[in-house]
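Each chain, letter by letter, is given below.
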Amino acid sequence: LTQPSDRELIQAVLAGEKTAFAELYDRYGPLVRAICYDTTRNLSDAQDLAQDVFMRAYEKLGSLRDPDRFGKWVVVITRFRCREWQRNRLRHRNKNDRPYNIQVFEPDTPDNSRIERLRKMITTLPEKERLALHTFYLQGKSADNTRRIMGLSRSGFYRLLGRARKRLERLLIQQENIR
Amino acid sequence: MKTPLDNDLKKVYEAFNQKHDQLRESLMASLPGTSKGYKQRSKLAHIGAFIGDTIMKSRTTKFATAAMIIIAVLIGIKYFGGPIDGASAAWADVIENTKKMLWLHTVANGTQKGKEVVTEQWMSFESKVFAYKLSDGHIRYYDYSKQKLWEYEPQSRTISISYPKYKGDNIITKLKSIGSFLGIAIEELTKIGGNVIERSGTYNGNTVRIYEVTFSEHPAFKKFNIKFFVDPNSQLVIAEKIKATDENGNILMEAEGKIDYPETGPTCIYDLGVPSSAKIIGSEKAETEFQQVFNKAIAIIDSRKSWPEPYDLVVTYWKARATKNYDEMAILWPGSATWNRQVLEKEEPVEYVFGEVQTTEFEGHIIVPYATKSYYEKHGKYSLKMCLENRKSNKGRYYISSGN
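The structure reproduced in this document is the subject of the present report. Every chain begins its residue count from 1, and numbering advances along the sequence as written. Both sets of labels track the order of writing: A upward for chains, 1 upward for ligands. Owing to the predicted nature of the model, reporting of local features is limited to residues with pLDDT of at least 70; listing and counting of side-chain atom pairs is limited to 80 or more, with chain, interface and lining totals taken over all residues. Side-chain numbers here rest on the full set of heavy atoms in the structure, without hydrogens or water.

## Looking at the packing of aromatic side chains
All names here are of chain B. A pair of aromatic rings is counted whenever rings of Phe, Tyr or Trp (Trp by its six-membered ring) have centres within 6.5 Å, and the orientation is called stacked for planes under 30 degrees apart, edge-to-face for over 60 and tilted otherwise. Per the counting criterion, the structure on display carries 22 aromatic pairs over all chains. Look at Y311 and F354: their rings are 6.3 Å apart centre to centre, the planes differ by 80 degrees, and that puts the pair in the edge-to-face class. One end of the pair, Y311, is in helix α9 (residues 310-322); the other, F354, is in strand β13 (residues 352-354), and 43 residues separate them in sequence. Exposure classes here rest on a 1.4 Å probe applied to the protein chains alone. A residue is buried below 20% of its type maximum, exposed above 50%, and partly exposed in between. For Y311, a relative accessible area of 34% corresponds to the partly exposed category. Put simply, DSSP marks the helices as runs of H or I at least four residues long and the strands as runs of E at least two long, and each gets a number from the N terminus on.

In structure tokens form, the structure reads like this:
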């Protein structure tokens, strides 16, 4: 059996099949969380923010003109929501007030693992390169998926991905030298 | 060829799949019934209104009961209103564990305007019961599956029975567990302006996680603060504290409640200590329309000798629904007796296909997956579930308890 397309799932949701939205969430949830992490740099906040993004997407689904572009659309909502989150955070910081969201006071995790450093390092890459990495590692490697989300040709996407990797490698070497 | 960087990146991205199933369930539980920007009243506002309309009639009782923190949360929500929006990931583990609990039992001590109040409360969405007793001897027991309320008055040693009817959406009947209730509570509090802090701390000398919700501008109290204490081992809320002050900092209400999760709870008002000699005053009020339908269904259930197997029962139900046979629908799905028949009358019959019966982790519960024929033909899978129970059925028959 073939997987239903985004368009079919969206039509099902709009027809009242709420569970079809769970499938859209399965497809794009990790990607949205990764984009949110670029802003929050905290997994727990990223998870919360991503939930909020999907709530909005669900509420506004009827306004999506081209259901085949759901992936790109949800990425746009995510970016918008992340900017809101950032503004909110700054506002509260300026007022010397707490942010409205849940704050998790955990002991500082030792930031010494390569994986953790790499995760933080990705957040410093240019936005397009970050998105290329996110889609490649979370959306599967089909050219169709990436084209839908990034609006790039297959070769354009791989060029961008290559640049992102090279930049990461350079950053890793620089950091190793500093250490 | 895979490079070490490739392998590391794979590990980096594994983190974004963490708790995915849990988060999806949490999100799905928070979604309103329909998309397209449809606005609905806050779920907690419905529950708060439901409890306010049915159980807490007098102002005194309302505040006394408010000392039982869970209810206080509801009252707070009732004042606030506001749409439900979002699903907190940090709270997800607690909700998951609490979902397995059948009953929530709270014993709370507190002061309200300087007067000491002790309350004990039971709540079960499985058994559809809210009950509490106050230190002054007043006891209430509400069975919302029958929409029947028993109230004990200690001075006159009398029990009065009534059938309060909540006119709002029937969301209370859709709540399946204490966990989903708590889940809604914290989510709602965060989204309507409550400032929520999660931190480590101690409760009675033991290390706990604390979720502290503070409102600095509560319409009824100047400052309103609620703390949930979560046991890190069981991941369950074990205690709560509430404090409300006026604009001068005077304490209007302060209470502390300890929570446990017994497997059983009171089955009638007498289980709460009401003497069997208590006199029932006034004749029972006329039965509501719901009660009439429900009683009729029960009578038919009692007279039947055999029942269809679960799969056939589900098919029979949908046939009854297509032919507008409401009595039969209520027998097979007692909860459907409360549905709006005018809406059902307008409903166009839909052709469904059904899957094989599946067991669940809960004893006495099974699931029959189903989908509209068109959905199944298009996607090759079932999108909906009928949940069946045989709890409390002395004939061992299954009945439908939920349709999705």
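Past the structure itself, the notes keep going.
## Some points on the nonpolar core
Soluble, globular proteins show a tendency: their nonpolar side chains are buried together. Residues A:F21, A:F70, A:L133, A:L168, B:L9 and B:Y13 are the most contacted members of the largest nonpolar core, which totals 63 residues. Looking at this core element by element, the count peaks at 12 residues for helix α2 (residues 20-40) of chain A. Pairs of residues are marked as contacts when any of their non-hydrogen atoms sit within 4.5 Å. Sequence-distant contacts of A:F21, that is, excluding residues within four places in its chain, are made with A:V13, A:F54, A:A57, A:Y58, A:L61, B:L27, B:M28 and B:L31. In this text, buried Ala, Val, Leu, Ile, Met, Phe, Trp, Tyr and Cys residues form a nonpolar core when linked through side-chain atoms within 4.5 Å.

## So, the pairing of strand β3 (residues 129-134) of chain B
Residue and element names in this part refer to chain B. Counted residue by residue, β3 has five buried out of six residues, so it is predominantly covered. Pairing geometry for β3 and strand β4 (residues 139-143), over five bridges, is antiparallel. When the sheet's bridge partners are listed, V129 is paired in β4 with D143. Hairpin remark: β3 followed by β4, antiparallel, with four residues in the connecting loop; positive phi at G137, about 100 degrees. When DSSP finds at least two bridges between two strands, those strands are taken to pair.

## A few points about unusual backbone geometry
All names here are of chain B. For K19, which is not a glycine, the phi torsion comes out positive at approximately 55 degrees. Judged by relative accessible area, K19 falls into the partly exposed class, the value being 34%. For N204, which is not glycine, the phi dihedral falls at a positive 50 degrees. Looking at where N204 falls in the secondary structure, it is placed in the loop between β7 (195-203) and β8 (206-215). Accessibility expressed as a relative area gives 58% for N204, which makes it exposed.

## What about the side chain of A:R119?
Counting through the fold element by element, A:R119 comes out in helix α5 (residues 114-122). For A:R119, the side chain forms a polar contact with the side chain of A:E116, separated by 3.0 Å. With residues up to four places along the chain from it excluded, the contact list for A:R119 reads A:Y37, B:K11, B:V12, B:A15 and B:F16. Between N or O atoms, a polar contact is any pair within 3.5 Å; within protein, one atom must be a potential hydrogen donor and the other a potential acceptor, and residues adjacent in sequence are included only when both atoms are from side chains.

## Side note on the pattern of salt bridges
Here, a salt bridge means any side-chain nitrogen of Lys or Arg that lies within 4 Å of a carboxyl oxygen of Asp or Glu. Within this structure, the stated rule accounts for 20 salt bridges over all chains. Residue A:R163 is joined to A:E129 by a salt bridge in which the shortest nitrogen-to-oxygen separation is 3.8 Å. One end of the pair, A:R163, is in helix α8 (residues 154-178); the other, A:E129, is in helix α6 (residues 127-138), with 34 residues separating them in the sequence. Taking the relative accessible area as the measure of exposure, A:R163 reaches 46% and is therefore partly exposed. With its nearest N and O atoms 2.7 Å apart, the salt bridge here joins B:R140 to B:E151. Placement of B:R140 in strand β4 and of B:E151 in strand β5 (residues 148-153) is noted, with a sequence separation of 11 residues between them. Like B:R140, the residue B:E151 is buried in the burial classification. Several salt bridges converge on common partners, so that one network encompasses A:D6, A:E23, A:R27 and B:K381.

## What to know about the packing of α5(A) against helix α1 (residues 4-14) of chain B
Interaxial angle, 0 to 180 degrees, is taken between N-to-C directions of lines fitted to C-alpha atoms, where a helix line uses only the stretch in contact. Running from amino to carboxyl end, α5(A) crosses α1(B) at an angle of 80 degrees, the nearest separation of the two axes being 9 Å. Taken together, α5(A) and α1(B) sit at an angle that is classed as roughly perpendicular. Residues A:R114, A:I115, A:L118, A:R119 and A:I122 of α5(A) form the contact with α1(B), whose own contacting residues are B:L5, B:D8, B:L9, B:K11, B:V12 and B:Y13. When its residues are assigned to classes, the contact of α5(A) with α1(B) shows seven nonpolar, no polar and four charged. Put simply, angles under 35 degrees are roughly parallel, angles over 145 are roughly antiparallel, angles from 65 to 115 are roughly perpendicular, and the rest are oblique. Any residue that is not Ala, Val, Leu, Ile, Met, Phe, Trp, Tyr, Cys, Pro, Asp, Glu, Lys or Arg is counted as polar, Gly included; the first ten are nonpolar and the last four charged.

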